[in-house]
Structures are given as structure tokens and as C-alpha cells.
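Structural features, examined
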Amino acid sequence: FGASNQLVAALALLVVGCWLLQRGRTSLPILIPSVLMLVTTLGALVWQIHGALTAPEPRWSIAAIDAVLVALALVVLAEARDVFRGRGSGNSGP
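First things first, this report covers the structure right here in the doc. This one's a predicted model, so the numbers in the text were calculated from it and none came from an experiment.

**A look at helix α2 (residues 28-54)**
- In this model α2 runs 39 Å from its N-terminal to its C-terminal C-alpha over 27 residues, within 8% of the 39 Å that 1.5 Å per residue would give.
- Along α2, the positions that sit buried rather than exposed are Leu31, Ser34, Leu38, Thr41, Leu42, Leu45, Ile49 and Ala52.
- Where α2 is buried, its residues touch α1 (2-22) and α3 (60-84).

Now the structure itself:
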């Protein structure tokens, strides 16, 4: 639960940083903590997957849930990469 909570917080910071970047505002103070949180949280999830699969009795459900979280985070990171490259969705909303 802890890793998923941290992942949501890191992704929220990343989304806010992308939003600020699209509007031409300073986003570095938001993006630096976001990247640090993402690296540590994704590392913890991968470590947890490894531990769940190499345990004497593998915990497949934990490994599967963690793998889904990592995959979803990678999807959001790919979208953020597009924003940084200037190919973002361009939806400027209200």
C-alpha cells in the first residue's frame, strides 16, 4: 500500500509539472521531487516484485498488482515525455 500511495503522489506531481510546462510557467521545482519520488518508488515496486516471485512460496497476487502499477506508471511517463518534447495532447481545458 505504501508504494502505491507514493506512486500516486509522484505521478500527481509529474502531471502538475507537465501542466505548468504547457502553460509556459516554471515547472522545475515540481519536476525534480517528482522524478526522485518516481525513481525510488518504481525501484521499490520492482524490488517488491522480485521478492514476491523469489519467496519460498511465491506471492503471485502481490507481484501482479505491483507489475500493473509499474506498467501504468510507465504509460503516464510516456505521456509526460511527449509533453516535454512538445508533442503533448494540447488540450488546454478551462
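**Side note on the nonpolar core**
- By size, the foremost hydrophobic cluster in this structure holds 17 residues, and its most contacted members are Leu7, Leu11, Leu14, Leu38, Leu42 and Leu45.
- If you list the elements that add at least two residues to this core, you get α1, α2 and α3.
- Not counting residues within four places of it along the chain, the set of residues in contact with Leu11 comprises Leu38, Ala73 and Val76.

What counts as what
Residues numbered from 1 in each chain as written. Predicted model: local features only at pLDDT ≥ 70, side-chain atom pairs only at ≥ 80, totals over all residues. Heavy atoms only, no water. Helix = DSSP H or I, 4+ residues; strand = E, 2+ residues; numbered from the N terminus. Expected span 1.5 Å × (residues − 1). Buried < 20%, exposed > 50% of the residue type's maximum accessible area, 1.4 Å probe, protein only. Contact = heavy atoms within 4.5 Å. Core = buried A, V, L, I, M, F, W, Y, C linked by side-chain atoms within 4.5 Å.

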